[in-house]
Amino acid sequence: MYRIGYSLFPKEVQSFIQNSLLDHAKQCGIDLIEIDPTKPLTQQGPFDCIIHKHNGSDWNNQLQQLSLDHPNVVVIDPPQAIEHLHNRVSMLDVVSNLKIPQGNQTFEVPKQRIEELGLKFPLIAKPVSVDGSAKSHEMFFVFNENGLKKLKLKKPIMMQEFVNHSGVIFKVYVVGDHVKCVKRSSLSDIYKETLNSVAEDEGFLLFSKISNLVEKNDEAEGGSSNEVEGYCYGAEKLVEEAKMPPLEFAMGLKLFNFDLIRNSRDGNKYFVIDINYFPGYVNMLEYESIFVDFFYDVVQEKRKKNSDGEVELDVK
Ligand SMILES: Nc1ncnc2c1ncn2[C@@H]1O[C@H](COP(=O)(O)OP(=O)(O)OP(=O)(O)O)[C@@H](O)[C@H]1O
Ligand SMILES: O=P(O)(O)O[C@H]1[C@H](O)[C@@H](O)[C@H](OP(=O)(O)O)[C@@H](OP(=O)(O)O)[C@H]1O
Ligand SMILES: [Mg+2]
Ligand SMILES: [Mg+2]
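Remember, predicted model here, so these are calculated numbers, not experimental data.

Draft legend 1. Here's a closer look at the coordination of the magnesium ion (ligand 4). Looking at the magnesium ion (ligand 4), the protein donor atoms are Asp274 (OD), Asp274 (OD) and Asn276 (OD1), and they sit 2.0 to 2.7 Å from it. Here the magnesium ion (ligand 4) and the magnesium ion (ligand 3) are spaced 3.8 Å apart, with Asp274 acting as a shared donor. Residue Asp274 is classed as buried on the basis of its relative accessible area of 11%. What makes Asn276 buried here is its relative accessible area of 16%.

Structure below.
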């Protein structure tokens, strides 16, 4: 049996660790074993691979120690690479630095700053820190200067230009080499007239977890079905066959998703607005078989490397 240890928050355990996943894994010779956070990691196992969504120095030190003691245990993903996604500025750096040519299409990040200087209204104000709390998902529309002044009193936030995208967002789920694109409804376009009609003293508006409040999967409006499929394909292509290094390679991560929108004025302009570590994979069709294949490949690859000459140091 291949042994995969998992250390996730209760919310992820509840959604990700379904019987359908456990059963399918077992049939394929894979055991999924929960890591007990109250016990030292090095006293648990043995594991072929560990997946995790924990952070903090204690956990990271434990992983580091485990890697020293048992270098053949594959840790997915490296804590430093995950850390990159805990800050909304650094999370999108990689995309800004990647120039991905896809014919006429461009993939960028909306203009964003900690300071709003030089940005155009409307803006979205996002908490800089992403720590899994409800607070880190609370965002504000900022329509005008007045809204900006009021918001500034609140907390460290990042300002990002709002991009009209016809109310459709794609969540692109990545599991190693597997890429799946899921369509969701998103925020409606904001027109100049709307912006002008916002009263000066109502310069900002709170919203939270918007893509979870609207229908999931195929219920998104905006764009004909063909058009939307093409858009989705474009997103998958971006990761799967982009001529430039794909996001996974660039970020050193295997388990993440990113949110992609397309400018409603110019269909060739795509924007990555958010990247999430170990997202709600249960929303990805057939996530069970995708993960089982992934675990199998990870362990196979590790064993192949060992048999190709590396010394097996694991105590099993
Ligand atoms: N720059 C933008 N232009 C247009 N819409 C945006 C922009 N940024 C965010 N949105 C909308 O706001 C929603 C929430 O923003 P974002 O994805 O950054 O937040 P989040 O809390 O990190 O989301 P998640 O639940 O995916 O982690 C997006 O799904 C999208 O509908
Ligand atoms: O609870 P935190 O650590 O903040 O992580 C969330 C991610 O940020 C979201 O992206 C996930 O939703 P999506 O899978 O719809 O992106 C969301 O999945 P969920 O809506 O299934 O809970 C969470 O994984
Ligand atoms: Mg998002
Ligand atoms: Mg997010």
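From this point, things continue past the structure.
Draft legend 2. Representation of the domain arrangement of the chain within the structure. When the domains of the chain are assigned, the result is domain 1 (2-76 + 288-315) and domain 2 (84-285). Counting residues at the interface gives 14 residues for domain 1, matched by 13 residues for domain 2. Between domain 1 and domain 2 the total buried area reaches about 1,200 Å² when both faces are included, carbon and sulfur atoms providing 78% of it. In terms of surface lost to domain 2, no three residues of domain 1 exceed Ile290, Phe291 and Phe294, which account for 42% of the buried area on that side. Put simply, domain 1 and domain 2 have zero salt bridges between them. At the junction of domain 1 and domain 2, the tally comes to two residue pairs in polar contact (both at pLDDT 80 or more). Looking at the side of domain 1 that touches domain 2, the elements that each hand over two or more residues are helix H1 (10-16), strand S3 (49-52) and helix H11 (287-307). Here the side of domain 1 that touches domain 2 gets four residues from one element, more than from any other, and that element is H11. Of the residues belonging to the side of domain 1 that touches domain 2, the class tally is seven nonpolar, four polar and three charged.

The rules behind each value
- Residues numbered from 1 in each chain as written.
- Chains lettered and ligands numbered in written order.
- Predicted model: local features only at pLDDT ≥ 70, side-chain atom pairs only at ≥ 80, totals over all residues.
- Heavy atoms only, no water.
- Donors = N, O, S within 2.8 Å, 3.2 Å for Na, K, Ca; no water.
- Buried < 20%, exposed > 50% of the residue type's maximum accessible area, 1.4 Å probe, protein only.
- Domains from an automatic or database assignment.
- Contact = heavy atoms within 4.5 Å.
- Buried area = accessible area lost by both parts, 1.4 Å probe.
- Salt bridge = Lys/Arg side-chain N within 4 Å of Asp/Glu carboxyl O.
- Polar contact = N/O pair within 3.5 Å; in protein donor to acceptor, adjacent residues only side chain to side chain.
- Helix = DSSP H or I, 4+ residues; strand = E, 2+ residues; numbered from the N terminus.
- Nonpolar A, V, L, I, M, F, W, Y, C, P; charged D, E, K, R; others polar.

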